[in-house]
Amino acid sequence: MISICFYFQVHQPFRLKKNYSFFDIGANHFYEDEDSNRAILNKVSEKCYVPMNRLLLELINKYSGRFKVAFSLTGIAVEQFKKYNPDVLELFKELADTGCVEFINETYYHSLAFLFSKSNFKKQVLKHKRLIKELFNQNAKTFRNTELIYNNELARFIEDMGYTTILAEGADHILGWRSPNYLYQPAGCYKINVLLKNYKLSDDIAFRFSNRGWEEFPLTAEKYASWLHNIAGNGEIINLFMDYETFGEHQWQDTGIFNFFRKLPEEIFKHPDFQFINPDQAQDYYTPVAQIDVPYFVSWADIERDLTAWLGNPLQNSSIEAVYALEKKVMNTGDKDLIAVWHKLLTSDHFYYMCTKWFSDGDVHKYFNPYETPYDAYIVYMNVLNDLNETIIHRQHSKKKKRGIAHGQS
Amino acid sequence: MKVLMFGWEFPPFISGGLGMACYGITRGLINNDVEIRLVLPTKRGIYAENQIEIVAADEVELTEHYRSLLESSFSFKTGKEMLANSISPYYTQSSAVEFFNKYQHLMNQEAGTHGSSVMAFSGNYGKDLMNEVFRYSITGEYMGTLKDFDIIHAHDWVSILAGVAAKRISGKPLILHIHATEYDRSGENINHNVFNIEKFGMEQADKIVAVSYYTKNAIISHYAIDPHKIVVVHNAVEKQKQIERFGIQKNLKDKYVLFLGRITMQKGPDYFIEAAKLVLKKIKNVRFIMAGSGDMMPKLISRAATLKITDKFHFTGFLNRVEVEKMYAMSDLYVMPSVSEPFGITAFEALLYDVPIILSKQSGVSEVLKDAIQVDFWDVEKLASVIINLLQDEKLAKEIVDKCQHELKNIHWNNAGYKLKNLYHAISFSHS
């Protein structure tokens, strides 16, 4: 049997107020742009999450358990659903109840914590694990790191945390001549397996579907299924990983994306050797064909498939170092709200907005970027961070004072 | 005495010192009983001034007869020639774009929306701007035909063609007021078309007013103009209404060191950053604020990020007048590290808020404020050490403010207006 493994990423950052200025430092401690966060969440819910969740439910019912998909919902996306649109969360719970949908783990705050603080990374993963358990009653055995950022060290770390499957980008420079369509084992690991994204087939849907300049336009379910069927004999598992917002938000409804997806299972099932599985089932069907050695970080972003969308320029480096430098101080306050505010500043999107490489991926960056320039993003972020730092210092002083008084009385 | 004046900016639409200076000069002249007809490219959004007759070039209706007459005229031909040579920049390309972005920003504010960028460096207005300069010169020629004035007064290169056109057709004397030359704006990489217009205007003018001796020297050395033709009249600032000042609250305890101005090569913002780094190595309770926008901003933000000082070094982006007041009022020290500054009106503004100042020796205003601390713009270590000195020695800081304010009294706008009026009389007397 050849398996199709769909995994969809659901993420919405807490965007900062674009006009948070120098004058706000020390005066205004509310950083979130609630209006646009609410507006964007509701817009994407209407265009994507609601109709696509309904469609998936329809397909799961139609094929009575044979159609399967996996999701990762970031903790902060869930927080925003709870806050602005709880109905969407109910639909996800319905999906979980079918038994055909796996909810996998990642960092709660969609952060790059693995690169900067392993202890904080672990905390975030465990926080997300608890969230998924609480929402969907699933004990996740699969992990994906933010933006599919991955290397050997991460795989070993995740194996130690008890996960049995991890997802990664099937980038050319880690695969070489090998095919992504098999199960692999991370170098130096014994229990955990890695699923590698087939980026060509994934991007055919996620990026090229509505591109009129593409020679395969228009993409029909028949055509796409035939490409999958062609892999029969040359692969075992085809990993189709993409942003969930592909459906209805990046590719609008009028591109025909929903109709395409509605027909897709039927077309795939026309070949008797094809089935759908969840990531955590891969090891039940397959044994790893080889170890895959990834000493350097890969990701699923941009043509470089590396970290340069979030790190590398002085704006990104100085701001991310500055925010992680606050970790100890924030934790020492013991203030839950303050700790949550700090964690939300770890979200990778903030650093993505500061990216200054405006080449072939510039369009994608612009699409996701609420700021006019990376410099605007940097200034707002640093203003916010400076205010948070002031708040922490203030707390420390008043704590000391209180302690001083207590001592005086005793 | 009635003057036909050609300006380009007027509050609130100002891209730099020119608009405020133009405003101050008109106030000073009115107080000296000079009648003014001020011609501006547009009146939209300009504050109403009851004692000045403001003519907007974009509202002047020309009859067919005039139009045909003007089309065979001097300014039309000159303008066409200039356009053919595809001269496009206003001041410099970037400052023109900055100005128009800001204009847009203010218009947006009036409309209730808020500009979202602290940057102001995208867009392309070059060609349209030159067209405007050219159309403005036709208006100048038309205004010249009215002949109901005694003297013509034009500010900076953008209004030179209009001023010269008015002079040609009216036969009245022309004063060219130079607030900044192309060398101030662009360093050594000047735009030759702008330079040519400036030189042409300086040659055609009956007298040239320079805002400082620094500028006078530049006019002599770069444009080969007879020194006797140039008069220096220092600018000054009016004490702004300070209502907003009350209730201003400083949110952070640290001392603030302020840079305020366009973030361009001319203003030396890069030396400010380097000095900040040195200061922050020595003392901690200080923050540096760079207020304004300009073409060097991305480079400087990257530099500050690279130096890892952005926990103590802040960028505000473009500030409106109210925010500027607030900024001054909050500051403990003002630094003007200009590489080349014909005058530097912001130094006066800072003094109005009792903020001690450090000036570069290369700024024109240092001629007037002799008691201000002065350093060479390139001497970053010296700059850093005097910043530390002034922040730590409050008595010295207070003394400098007092002395500078005393010097300031001598150069009020009325004084500038008085000098200009005398100049008008002298010229029109020798002319008639």
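Our subject is the structure that appears above.
Owing to the predicted nature of the structure, the values given are computational and were not obtained by experimental measurement.

**Q** I would appreciate a short explanation of the overall build of chain B in the present structure.
**A** Check the secondary structure of chain B and you find 16 helices and 13 strands. Out of the 432 residues belonging to chain B, those deemed buried represent 61%. Residue pairs at least 24 apart in sequence account for 71% of intrachain contacts in chain B once pairs closer than 6 positions are excluded. Split by element, the accessible area of chain B, about 17,500 Å² in all, is 50% carbon and sulfur.

**Q** Got a minute to help me understand the overall build of chain A in this structure?
**A** Secondary structure assignment for chain A yields 17 helices and 12 strands. For 410 residues, the compact-globule estimate of 2.2 N^0.38 gives 22 Å, and chain A sits close to it at 22 Å. Projected onto the principal axes, the alpha-carbon positions of chain A cover approximately 80 × 45 × 40 Å. Taken over 410 residues, chain A has a buried fraction of 59%. When the accessible surface of chain A is summed, it comes to about 16,500 Å², and 51% of that surface belongs to carbon and sulfur atoms. Mean positive and mean negative side-chain charge positions of chain A (46 and 51 charges, respectively) differ by 6 Å.

**Q** Mind showing me how you'd approach the pattern of salt bridges here?
**A** Think of it this way: side chains of opposite charge can pair up when their charged atoms draw near. Residue and element names in this part refer to chain A. Applying the stated criterion to the full structure yields 38 salt bridges over all chains. A salt bridge links Lys200 to Asp204; its shortest N-O distance comes to 3.0 Å. A residue pair is termed a helical-turn pair when its members lie 3 or 4 positions apart in one helix, as Lys200 and Asp204 do in helix α8 (residues 199-206) at four residues. Under the relative-accessibility criterion, Lys200 is labelled partly exposed at 46%. Note that Glu216 and Lys223 form a salt bridge whose closest N and O atoms lie 3.5 Å from each other. On the accessibility criterion, Glu216 (27% relative accessible area) is partly exposed. Each of Glu32, Glu34, Lys83 and Lys344 takes part in salt bridges that share partners, so that together they form one network.

**Q** Is there a simple way to explain the pairing of strand β4 (residues 151-155) of chain B in this structure?
**A** In regular strands, side chains alternate between the two faces of the sheet. All names here are of chain B. For β4, a buried count of five out of five residues is recorded, marking the element as mostly surrounded by other parts of the structure. Going residue by residue along β4, you find Ile151, His153 and His155 tucked away on one face and Ile152 and Ala154 tucked away on the opposite face as well. Sheet analysis places strand β1 (residues 2-6) next to β4, joined by four bridges and oriented parallel. Residue pairing in the sheet places Leu4 in a bridge with Ile152 of β4. Strand direction decides the pairing type here: β4 and strand β5 (residues 174-178), joined by four bridges, are parallel. Counterpart to Ala154 in the pairing with β5 is Leu176. This β-α-β element, β4 to helix α6 (residues 160-170) to β5, shows right-handed connectivity.

**Q** Explanation requested: the interface of chain B and chain A in the structure shown.
**A** How large an interface is tends to be reported as the accessible area lost when its parts come together. The interface is formed by 27 residues belonging to chain B together with 20 residues belonging to chain A. Seen at the junction of chain B and chain A, the total is two salt bridges. Across the salt bridge formed by A:Glu321 and B:Lys308, the nearest N and O atoms sit 3.1 Å from each other. Summed over the shared surface of chain B and chain A, the result is four residue pairs in polar contact (both at pLDDT 80 or more). Secondary-structure elements contributing two or more residues to the side of chain B that touches chain A are β9 (286-291), α11 (297-306), β10 (313-317) and α12 (321-330) of chain B. For the side of chain B that touches chain A, the leading source of residues is α11(B), giving six residues. In terms of residue class, the side of chain B that touches chain A is made up of 14 nonpolar, eight polar and five charged.

**Q** Help me understand unusual backbone geometry, please; the structure alone is not making it clear to me.
**A** A cis amide bond, omega -5 degrees, links A:Phe217 with the succeeding residue A:Pro218. Considering the arrangement of structural elements, one finds A:Pro218 in the loop between α8 and α9 (221-229). Of note in this structure, B:Ala224 is not a glycine but carries a positive phi near 55 degrees. Looking at the element boundaries, B:Ala224 is found in the loop between α9 (213-223) and β7 (230-232).

**Q** Is there a simple way to explain helix α10 (residues 269-282) of chain B in this structure?
**A** For α10(B), spanning 14 residues, the distance from its first C-alpha to its last is 21 Å, which sits close to the expected 20 Å at 1.5 Å a residue. The inward-facing, buried residues of α10(B) abut β8 (255-260), β9, α11, β10, β11 (333-336) and α14 (380-392) of chain B.

**Q** Please explain the packing of aromatic side chains as it appears in this structure.
**A** All names here are of chain A. The full count for this structure, using the stated rule, is 56 aromatic pairs over all chains. The interplanar angle of 75 degrees and the centroid separation of 5.3 Å between the aromatic rings of Phe8 and Phe247 together place this pair among those described as edge-to-face. A residue pair is termed long-range when its members are at least 10 positions apart, and Phe8 in strand β1 (residues 2-10) and Phe247 in strand β9 (residues 247-248) qualify at 239 residues. Neither residue differs from the other here; Phe8 and Phe247 are each classed as buried. Over the ring of Trp300 we find Arg144; its NZ or CZ atom is 5.4 Å from the centre of that ring.

**Q** Just checking my understanding: could you explain the sheet that holds β7(B) for this structure?
**A** In any sheet, the strands associate via hydrogen bonds between backbone groups, in a parallel or an antiparallel arrangement. Residues and elements named next belong to chain B. Taken together, the seven strands give an open sheet; going across it, the order is β3-β2-β1-β4-β5-β6-β7, and neighbouring strands pair in parallel fashion. If you trace the sheet from one side to the other, it starts and ends with β3 (53-56) and β7, each paired once. Taken over all neighbouring pairs, the strand axes of this sheet differ in orientation by 25 degrees on average, direction set aside. Of the strand pairs in this sheet, β1 and strand β2 (residues 35-40) are connected by five bridges, and their pairing is parallel. Each residue of the ladder has a partner; that of Leu4, found in β2, is Arg37. Strands in contact with α6 are β1, β4 and β5; relative to β4, the strand with the most contacts, it is inclined by about 165 degrees.

**Q** Please clarify how the pairing of β10(B) should be interpreted in this entry.
**A** Residues and elements named next belong to chain B. Judged by how many residues are buried, β10 sits mostly within the fold: five of five residues are covered. What you see with β10 is no split at all: Phe313, Phe315 and Gly317 on one side and His314 and Thr316 on the other are buried throughout. Pairing geometry for β9 and β10, over four bridges, is parallel. Each bridged residue has a counterpart across the sheet, and for Phe288 the counterpart in β10 is Phe313. Traced from β9 through α11 to β10, the parallel crossover comes out right-handed.

**Q** Before we go on, may I ask you to explain the nonpolar core in this structure?
**A** Nonpolar side chains tend to gather and get buried jointly when the protein is soluble and globular. Judged by nonpolar contacts, the single largest core of 132 residues is most densely connected at B:Met327 and B:Ile387. Here this core gets 11 residues from one element, more than from any other, and that element is helix α17 (residues 374-409) of chain A. Once you skip the residues sitting within four places of it in the chain, B:Ile387 turns out to touch B:Val257, B:Ala275, B:Val279, B:Phe288, B:Leu333, B:Val335 and B:Ile358. By size, the runner-up hydrophobic cluster in this structure holds 68 residues, among which are A:Leu201, A:Phe209, A:Ile268 and A:Phe274.

**Q** Would you take a moment to explain the packing of α8(A) against α9(A) for this structure?
**A** Packed helices, taken two at a time, are described by their axes: the angle between them and the distance between them. All names here are of chain A. In the contact formed by α8 and α9, the axes pass within 12 Å of each other and the chain directions differ by 175 degrees. It follows from the interaxial angle that α8 and α9 lie roughly antiparallel. Counting all contacts with α8, which are made through Leu201, Ser202, Asp204 and Ile205, the residues of α9 involved are Tyr224, Trp227 and Leu228. Looking at side-chain class alone, the contact of α8 with α9 contains five nonpolar, one polar and one charged residues.

**Q** Help me understand the sheet that holds strand β4 (residues 142-143) of chain A, please; the structure alone is not making it clear to me.
**A** Residues and elements named next belong to chain A. Strand order in this open sheet of three strands is β4-β5-β7, and the pairing throughout is parallel. Looking along the sheet, the strands with just one partner apiece sit at the ends: β4 and β7 (193-197). One ladder, built from two bridges, connects β4 with strand β5 (residues 165-169); its direction is parallel. For Thr142, the partnering residue across the bridge sits in β5 and is Thr165.

**Q** Could you clarify how one ought to interpret the environment of A:Phe247 in this entry?
**A** Judged by relative accessible area, which is 0%, A:Phe247 ranks as buried. On a C-alpha basis, the gap between A:Phe247 and A:Glu32 in space is 27 Å, while along the polypeptide they are 215 residues apart.

The rules behind these values
Residues numbered from 1 in each chain as written. Chains lettered and ligands numbered in written order. Predicted model: local features only at pLDDT ≥ 70, side-chain atom pairs only at ≥ 80, totals over all residues. Heavy atoms only, no water. Helix = DSSP H or I, 4+ residues; strand = E, 2+ residues; numbered from the N terminus. Buried < 20%, exposed > 50% of the residue type's maximum accessible area, 1.4 Å probe, protein only. Contact = heavy atoms within 4.5 Å. Areas by Shrake-Rupley, 256 points an atom, 1.4 Å probe, with all protein chains shown as cover. Rg over C-alpha atoms; globule rule 2.2 N^0.38 Å. Lys, Arg positive; Asp, Glu negative; His and termini not counted. Charge placed at Lys NZ, Arg CZ, Asp CG, Glu CD. Salt bridge = Lys/Arg side-chain N within 4 Å of Asp/Glu carboxyl O. Pairing = 2+ DSSP bridges. Right-handed = clockwise from strand over helix to strand, strands pointing away. Polar contact = N/O pair within 3.5 Å; in protein donor to acceptor, adjacent residues only side chain to side chain. Nonpolar A, V, L, I, M, F, W, Y, C, P; charged D, E, K, R; others polar. Expected span 1.5 Å × (residues − 1). Phe/Tyr/Trp six-rings, centres within 6.5 Å; stacked < 30°, edge-to-face > 60°. Lys NZ or Arg CZ within 6 Å of the ring centre and 35° of its normal. Axes fitted to C-alpha atoms, helices over the stretch in contact; angles between N-to-C directions. Core = buried A, V, L, I, M, F, W, Y, C linked by side-chain atoms within 4.5 Å. Parallel < 35°, antiparallel > 145°, perpendicular 65-115°, else oblique.

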